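Given next are the chains, with one letter for each unit.
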Amino acid sequence: MRKGIEECVDALQNCVLELESRAAPDASEVISRLGLAHLKLPAPQVITLLDMFADGLTPVNAEIATALLGLCEAHKRLLLALAGLPLRSGPQAGAETEKQPGPEAETPAAKAETEEQALMSGPEVSGPETLEPRTEAPEPRAQASIASVRVPTERLNRLIELVGKLMVGFAVVSQAGINREVSNVAGLRELDAVIGELQSEVDAIRLVPLKQLFTPMHRLVKGLAQKTGKRLRLEIKGEEIALDKSIVEDLNEPLVHLLRNAVDHGLEAPQERLAAGKPEEGLIRISASRKGESAVIEVSDDGRGLDPNAIWAKAVEKGLAAGARRPDDSEVLRLVLRPGFSMAQEVTDLSGRGVGMDAVRSVVKDVLAGELDISGSPGQGARFTLTLPLRRSANEGIVDALVCRAGDGTFIIPSRDVVEIYVPGENEVTELPDGREAVDVRGEVHALLRLGERLGNPASGSGPGAQAVVVRSGEFRAAILVDEVLRQQQVVVTGFTVPVQDIFSLPLAGYGMMGESDALVVDTETLIRTARPRPPGAVRP
């Protein structure tokens, strides 16, 4: 019995070692043989991690291989315990499998990881370390050119923090007095220019092209097509668009889920497509573009599309919606973002596992500070549009902002959200039947939000010189009424050290350092969320 158990475990260990040595590993077999494919996990993010590893999107490094070998050893211990056999003492089988592999075994894994990183990051100019040895005297190292270097993220974050402190110090010096000598003013202007250039370079360091994210998706879609027996092709556009490194990393999970959804739910089988008059080969398209200070990423397909009637019926069946009057199609389509919603009829490797589109919405909205929109019609395919910031969140780091006064307080509104500043007349403010206010700004009607009133100062914003700061959240716009817009400047924004949002229901995102004083940062998205009009019977996403 012991020999049979050890032979089975040895086969598992050999499978793991073979996986580590492959240049393009497909871990689905190892996942299945170790029993990980049958785990019942309630967290969508954890399931996505296993799916990405099974599809080969996660490179197999030494830590992953060691963990898999540990699972093999755990299987061995369990089987021996079930058989009533004691574990062998001494450096037997288990210890042998935990030995560090020799150079011959390490080289393919290291080579595979290097090749995948090179594929995702694009061509680089090799440094002098990669040149072949030469018998004659080598060229001076100063003549060699290194196109890129690897910098730890912690060091980049520290550099950004130092730039922020430098900017705060400049603000203190520039505000230290009114009467200055001309030479001092010229020196401050030069210092301001240097700080601006340094900040631009620091921000640019963190930018990476979407190509690093999009390139591995070809392999993912190819594997999904083989699993489902569907014929399809993937088109990618706009991969040269660059986003912040942290945004690209967090975008990987929702993008993988959207592609899985498109292959499993969106595209039809070849026979079904031919019967519908469509080409036998389906099309999935990923496109990226810039729109102002945002990046727009669309994942679309030419499959069976989205049927609002079927979605509404499924939502009512699952108890996620109620009411005799059905909302409009756009609201019904957003029901697929509700937790627990799924159109899957049976549980497969790709769907029906309790991982719904709410996982995508959660990452896009809460982690990436973006917006997710859905469109589509029956038989015409579906489109999922992600609107994301080009750089780091406006609620952290160094940002351009408007410094405003509301009552006795000073507040900061990130410039990224600002459309324009307008001084409304008395006859341009209207009270709606439901108690809300609206303002006419150059012929367009926007919801009016009095900042001081929302922060406990009803008298704020009631004077004749009050100014309306028009801000946007996605496609929706609103006007925030303040007493005065003092100036526009760069501020260092940081979050609260205590969970203020959980204690107080206030539209505040943190505080900003401006030099001699600090000010609270207005969370414009939270503030105008309450002003969004919703038709009767509409269901909140």
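Residues take numbers from 1 onward in each chain, read along the sequence in its written order. For a predicted model such as this one, the threshold for reporting local features is a pLDDT of at least 70, and the threshold for listing and counting side-chain atom pairs is 80 or more; totals across whole chains, interfaces and linings nevertheless cover every residue. Hydrogen atoms and water are omitted, and side-chain values are computed over all heavy atoms in the structure.

Caption draft 1: Seen up close, helix α15 (residues 358–367). Burial here depends on accessible area, computed with a 1.4 Å probe over protein chains only, as a share of the maximum for the residue type. Under 20% is buried, over 50% is exposed, and the range in between is partly exposed. Strands here are runs of E lasting at least two residues and helices are runs of H or I lasting at least four, both read from the DSSP assignment and numbered beginning at the N terminus. All of the buried residues in α15 are D358, A359, V360, V363 and V364. Contacts are residue-level and defined by heavy atoms, with any inter-residue pair within 4.5 Å sufficient. Those residues of α15 that are buried lie in contact with α3 (44–54), α11 (245–266), β6 (371–376) and β7 (382–389).

Caption draft 2: The sheet that holds β6, seen in detail. A sheet is described by the order of its strands in space; here 5 strands give the open sequence β2-β4-β5-β7-β6, paired in mixed fashion. Unpaired on one side and paired on the other, β2 (232–237) and β6 mark the two borders of the sheet. When the angles between neighbouring strand axes are averaged without regard to direction, this sheet yields 15°. Every axis corresponds to a line fitted to the C-alpha atoms, with the helix fit spanning only the stretch in contact, and the corresponding angles, defined between N-to-C directions, vary from 0 to 180 degrees. Contacting β2, β4 (282–291), β5 (294–301) and β7, α11 crosses the sheet at an angle of about 175° to β7. Strands pair, by our definition, only if DSSP identifies at least two bridges between them.

Caption draft 3: Region of the structure containing the pairing of strand β18 (residues 518–522). Bridging between strand β9 (residues 409–414) and β18 involves 2 bridges; their strand directions are parallel. Among the inter-strand pairings, F411 is bridged to a residue of β18, identified as L520.

Caption draft 4: Highlighting the nonpolar core. Definition used in this section: a nonpolar core is a set of buried Ala, Val, Leu, Ile, Met, Phe, Trp, Tyr and Cys residues joined via side-chain atoms within 4.5 Å. Judged by nonpolar contacts, the single largest core of 56 residues is most densely connected at L210, F214 and I297. Considering every element that reaches this core, the biggest residue donor is α11, with 9 residues. Excluding anything up to four places from it in sequence, F214 contacts I236, K237, E239, L255, I286, A288 and I297. Formed by 19 residues, the second largest nonpolar core is a distinct cluster that contains C404, A406, F476 and V482.

Caption draft 5: Representation of the pattern of salt bridges. One side-chain nitrogen of Lys or Arg within 4 Å of one carboxyl oxygen of Asp or Glu is enough to make a salt bridge. What the rule picks out here adds up to 18 salt bridges. A salt bridge links D302 to R273, with the shortest nitrogen-to-oxygen separation between them at 3.0 Å. Pair noted here: D302 is in the loop between β5 and α13 (308–317) and R273 is in helix α12 (residues 270–275), with a separation of 29 residues, a long-range link. Notably, a salt bridge pairs K314 with E317, separated by 3.9 Å at the nearest N-O pair.

Caption draft 6: Representation of the confidence of the model for the chain in the model. On a range of 0 to 100, pLDDT expresses the predictor's confidence in each residue. Residue-level pLDDT values for the chain average 75, and 75% of them are 70 or greater. Every residue in residues 89–145 is under pLDDT 50, and counting partners more than four places away or in other chains gives 37 contacts. In this model residues 534–541 is a low-confidence stretch, pLDDT under 50, and it forms 18 contacts with partners more than four residues away in sequence or in other chains.

Caption draft 7: Layout of the side chain of R273. The exposure class of R273 is buried, given its relative accessible area of 0%. Aside from chain neighbours lying at most four places away, what touches R273 is L267, E268, K278, P279, E280, E281, G282, D302 and G303.

Caption draft 8: Structural view of the packing of α3 against α11. Two elements in contact, α3 and α11, have axes separated by 11 Å at closest approach and are oriented at 75°. Here α3 is positioned roughly perpendicular relative to α11, judged by the angle of their axes. Taken together, the residues of α11 that come into contact with α3 (itself represented by Q45, T48, D51 and M52) are N252, E253, V256 and R260. By definition in this entry, angles of less than 35 degrees are roughly parallel, angles greater than 145 are roughly antiparallel, angles of 65 to 115 are roughly perpendicular, and the rest are oblique.

Caption draft 9: Region of interest: the sheet that holds strand β12 (residues 437–441). Strand order in the open sheet formed by 6 strands is β10-β14-β15-β13-β12-β11, and the pairing between neighbours is mixed. Lying at the two open borders of the sheet, with one neighbouring strand each, are β10 (418–422) and β11 (429–431). Put simply, the sheet's adjacent strands are angled 35° from each other on average, direction ignored.

Caption draft 10: Representation of the packing of α11 against α15 within the structure. Relative orientation of the contacting elements α11 and α15 amounts to 155°, with a least axis distance of 9 Å. With respect to their mutual orientation, α11 and α15 come out roughly antiparallel. Crossing angle aside, the handedness with which α11 passes α15 is left-handed. In this structure, α11 uses D250, E253, P254, H257 and L258 to contact α15, whose residues at the interface are V360, V363, V364 and V367. Here the term charged refers only to Asp, Glu, Lys and Arg, the term nonpolar to Ala, Val, Leu, Ile, Met, Phe, Trp, Tyr, Cys and Pro, and the term polar to all other amino acids, Gly among them. Of the residues that constitute the contact of α11 with α15, the class distribution is 6 nonpolar, 1 polar and 2 charged. With the far helix as reference, a near helix turned anticlockwise by less than a right angle produces a left-handed crossing, and one turned clockwise produces a right-handed crossing.

Caption draft 11: Geometry of the environment of A11. Here A11 shows up in helix α1 (residues 2–21). Of the residues examined, A11 reaches a relative accessible area of 30% and is grouped as partly exposed. Along the sequence, A11 and C72 sit 61 residues apart, while their C-alpha atoms lie 9.5 Å from each other.

Caption draft 12: Main features of α11. One less than the number of residues in a helix, times 1.5 Å, gives the span that helix is expected to have. Its 22 residues place the ends of α11 30 Å apart at the C-alpha level, agreeing with the 32 Å of an ideal helix rising 1.5 Å per residue. At N252, α11 shows its largest bend, some 35°, and a proline, P254, comes one to four positions later. Of all 22 residues in α11, 17 are buried, a share of seventy percent or more. Consider a residue and the seven residues that end there alongside the seven that start there; fitting an axis to each set, the bend is the angle between those axes.

Caption draft 13: Expanded view of the environment of T385. By the secondary structure assignment, T385 is in strand β7. Of the residues examined, T385 reaches a relative accessible area of 14% and is grouped as buried. Once the C-alpha coordinates of T385 and I286 are considered, the two residues, 99 residues apart in sequence, prove to be 10.0 Å apart. What T385 contacts, discounting residues up to four positions off in sequence, is V296, I297, E298, E371, L372 and D373.

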